[in-house]
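Descriptive structure summary
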Amino acid sequence: MADPGAESEPLLSGARGGGGGGRDCPAGSPGCRGVPVGPGAEARRALCFDQAVVFIEDAIQYRSIHHRVDSSSLRLYRWYYSDACQWILSLTIFLILFLAFIETPSSLTRTADVRYRSAPWQPPCGLTESIELLCLLVFVADVSVKSYLVGWAEFWKNLWLQAYLLVLVVSLLDWTVSLSLVCQEPLRVRRLLRPFFLMQNSSMMKKTLKCLRRSLPEMASVLLLLALHLCLFTMFGMLLFTGEKKDDGQAQERLTYFRNLPEALTSLLVLLTTANNPDVMIPAYSKHRAYAIFFVVFTLIGSLFLMNLLTAIIYNQFRGYLMKSLQTSLLRRRLGTWAAYQVLCSLSAEGGAAAQGVGVKAQDVLQVLHKVQLAGSHKQAIVEKLRSYGGDMMSADEFQKLFHEFDKRVIKQHPPRPEYRSPFLRSAQFLFSHRYFDYLGNLVALGNLVSICVFLVRDADVLPGDRDDFVLGILNCIFILYYLLEMLLKLFALGLRGYLVFLSNVFDGLLTIVLLNFLHKWDRRSHLQSLAGDPEAPYQMTVELLFRDVLEEPTEEELLAELSHHPHLRLRR
């Protein structure tokens, strides 16, 4: 076991080596060194490998590395972010949100029409409350683990964690009140707080709310102009439409849309969305065409200028925040890989690699990669690139470039097709595996759909029991036989594995097996294009690669500055 006090010591320290490799790694690390031989050295070496593994996984998932890095915390950290634990958390969020459909007053009925709707099922007191308590206990465990992993100092900096804890306290208190009143309380405050659990667990929602908060100052100025525009034209309209005769167009306009200030304001607010256009101006327009100028000017200024200006501000704010979010994600990825490199550097220095050259051992990187939770395709690509470097030591630049493979989305290679010796069979295989054969199937499916629609329109006035479906039944049998033949020919051309690799083929096959009469074919993944300029590269364009020319790579000084603020990973110059 690692020394409990190891975390309080600087993990990375020592003079940054001289000569040509001074920019690569430190000379030593008390967090991973300190015991040259013996069981303690093996424990510290294992700790360094675990730290490097977690830092690389943080880089893959764009997570912050500001968490505890001792051995027990790392095990808890990896368990928390495992697929099983995250699946349980997602299921808990779904359950607590789904309770709204079965709790009193329940809306889970067969029909929404009050004339035919039967009385909804009323769950007994304590049933839904028990499920809710179970969900709340899972959230309590979630916030406890998160708070422990980030540390007390980081907890007070994280407003989401503080709000998470506050919402849980209020929910548990409200749950206690519900049981004490035997589920007869008039108001349940915790129901209003349930969407927070979804927002707290979604990074995309957090980013959206943060962007909205930053956009409010600029949006407020345009909204103020919009309110002034609305109030000005409301008062002007009430002064303009003041007819006295009931059959007068002005009087009809006033009585219908400008009777008082609230109704006039509401009418113009609806007109701002063009929902009541041109109904709102018809009474006045019927008396004189010139009255239309009032509504046209209002619409031009409000809908075509101010509303478009508001849309442009929102778009510009979200576009700017998108670039900033991508830049932050890039920094987190580079920072995670840099921290892993620094940890592995200490192992290389301990093993006497400083005499051979500065960097990390390729075998250490390979050992770390085997422990990292990563998709098999990405792991294979990184291992192949690692082996292509050659040599025993890797510099910082080579280590960072190694993990650029994360920015690429590897396209799944299709299984090999069956090989036939007969020229006739090979020609048939080429024909039935061509995309034009898929187009023919789509055309036949469209004909099937058209035939069904034609018969439905023709027999629209005939009761279902009086319809003669003999011809339609014959056509359906013909279409079904074609679908079955198409499935068999594709199995012949692609093989079983090649057929099942496309979801569209699985969909078509299932529909054919159950003899359904509707066929939907669309496989957007069957013709993916390779990266521009590299037709052999089995990668798909990602957001990171799309904005690579715009985003700025963080410098070594920036990465070191970020690492120096790590609460549990301190650098000593």
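Residues numbered from 1 in each chain as written. Predicted model: local features only at pLDDT ≥ 70, side-chain atom pairs only at ≥ 80, totals over all residues. Heavy atoms only, no water.

Brief notes about the packing of helix 4 (residues 127-150) against helix 6 (residues 159-180)
Contact geometry of helix 4 with helix 6 gives a least axis separation of 10 Å together with a crossing angle of 155°. Looking at the two axes, helix 4 sits roughly antiparallel to helix 6. In terms of crossing hand, the pair formed by helix 4 and helix 6 is left-handed. Taking contact as the criterion, the partners of E129, E132, L133, L136, F139, V140, D142, V143, K146 and V150 in helix 4 are, on helix 6, L161, Y164, L165, L168, S171, L172, W175 and L179. A per-class count over the contact of helix 4 with helix 6 returns 13 nonpolar, one polar and four charged. (Axes fitted to C-alpha atoms, helices over the stretch in contact; angles between N-to-C directions. Helix = DSSP H or I, 4+ residues; strand = E, 2+ residues; numbered from the N terminus. Parallel < 35°, antiparallel > 145°, perpendicular 65-115°, else oblique. Left-handed = near helix turned anticlockwise from the far one by under 90°. Contact = heavy atoms within 4.5 Å. Nonpolar A, V, L, I, M, F, W, Y, C, P; charged D, E, K, R; others polar.)

Structural notes on the confidence of the model for the protein chain
Put simply, the protein chain has an average pLDDT of 78, and 79% of its residues get 70 or more. Low pLDDT (under 50) marks residues 26-31, which in the prediction has 28 contacts with non-local residues, meaning those over four places away or in another chain. Below a pLDDT of 50 lies the segment residues 518-538, which in the model reaches 37 contacts outside its immediate sequence neighbourhood of four places, other chains included. (pLDDT = per-residue confidence, 0-100.)

Here we look at the environment of K385
Structurally, K385 is set in helix 14 (residues 376-389). Exposure remark for K385: the relative accessible area of 25% places this residue in the partly exposed category. (Buried < 20%, exposed > 50% of the residue type's maximum accessible area, 1.4 Å probe, protein only.)

Focus: the packing of aromatic side chains
Tallied over the full model, the rule gives 22 aromatic pairs. Relative to W156, the ring of W152 has its centre 5.3 Å away and its plane inclined at 85°; by these criteria the two rings are edge-to-face. In this pair, W152 and W156 both sit in helix 5 (residues 152-157), four residues apart, roughly one turn of the helix. Judged by relative accessible area, W152 falls into the exposed class, the value being 60%. A centroid spacing of 5.6 Å and a plane angle of 50° characterise the contact between F233 and F294, whose relative ring orientation is tilted. With F233 in helix 8 (residues 203-240) and F294 in helix 12 (residues 292-350), this residue pair connects regions lying 61 residues apart in the sequence. Its relative accessible area of 11% is what places F233 among the buried residues. Classification of F294 by relative accessible area gives buried; the value is 6%. (Phe/Tyr/Trp six-rings, centres within 6.5 Å; stacked < 30°, edge-to-face > 60°.)

Thoughts on the packing of helix 8 against helix 10 (residues 261-272)
As a packed pair, helix 8 and helix 10 sit with axes 9 Å apart at the nearest point and diverge in direction by 125°. Looking at the two axes, helix 8 sits oblique to helix 10. With respect to the hand of their crossing, helix 8 and helix 10 are arranged in right-handed fashion. Between helix 8 and helix 10, the contacting residues are L226, L230, F233, T234 and M238 on the first element and L261, A264, L265, L268, L269 and L272 on the second.

Side note on a positive patch on the surface
There is a patch of like positive charges on the surface, built from K210, R213, R214 and K324. Here the element with the most residues in the positive patch is helix 8; it accounts for three residues. Following the sequence through the fold, K210 ends up in helix 8. (Patch = residues over 30% accessible without salt bridge, like charges linked within 9 Å, V, L, I, M, F, W, Y side chains within 5 Å. Areas by Shrake-Rupley, 256 points an atom, 1.4 Å probe, with all protein chains shown as cover. Salt bridge = Lys/Arg side-chain N within 4 Å of Asp/Glu carboxyl O. Lys, Arg positive; Asp, Glu negative; His and termini not counted. Charge placed at Lys NZ, Arg CZ, Asp CG, Glu CD.)

A closer look at a nonpolar patch on the surface
Residues W87, I88, L91, F94, L95, F98, F101, L108, W121, L127 and I131 make up a contiguous nonpolar surface patch of about 1100 Å² in total accessible area. Elements with a contribution of two residues or more to the nonpolar patch: helix 3 (83-102) and helix 4. It is helix 3 that contributes the most residues to the nonpolar patch, seven residues altogether. When you line up the elements, I88 lands in helix 3. What makes I88 partly exposed here is its relative accessible area of 44%.

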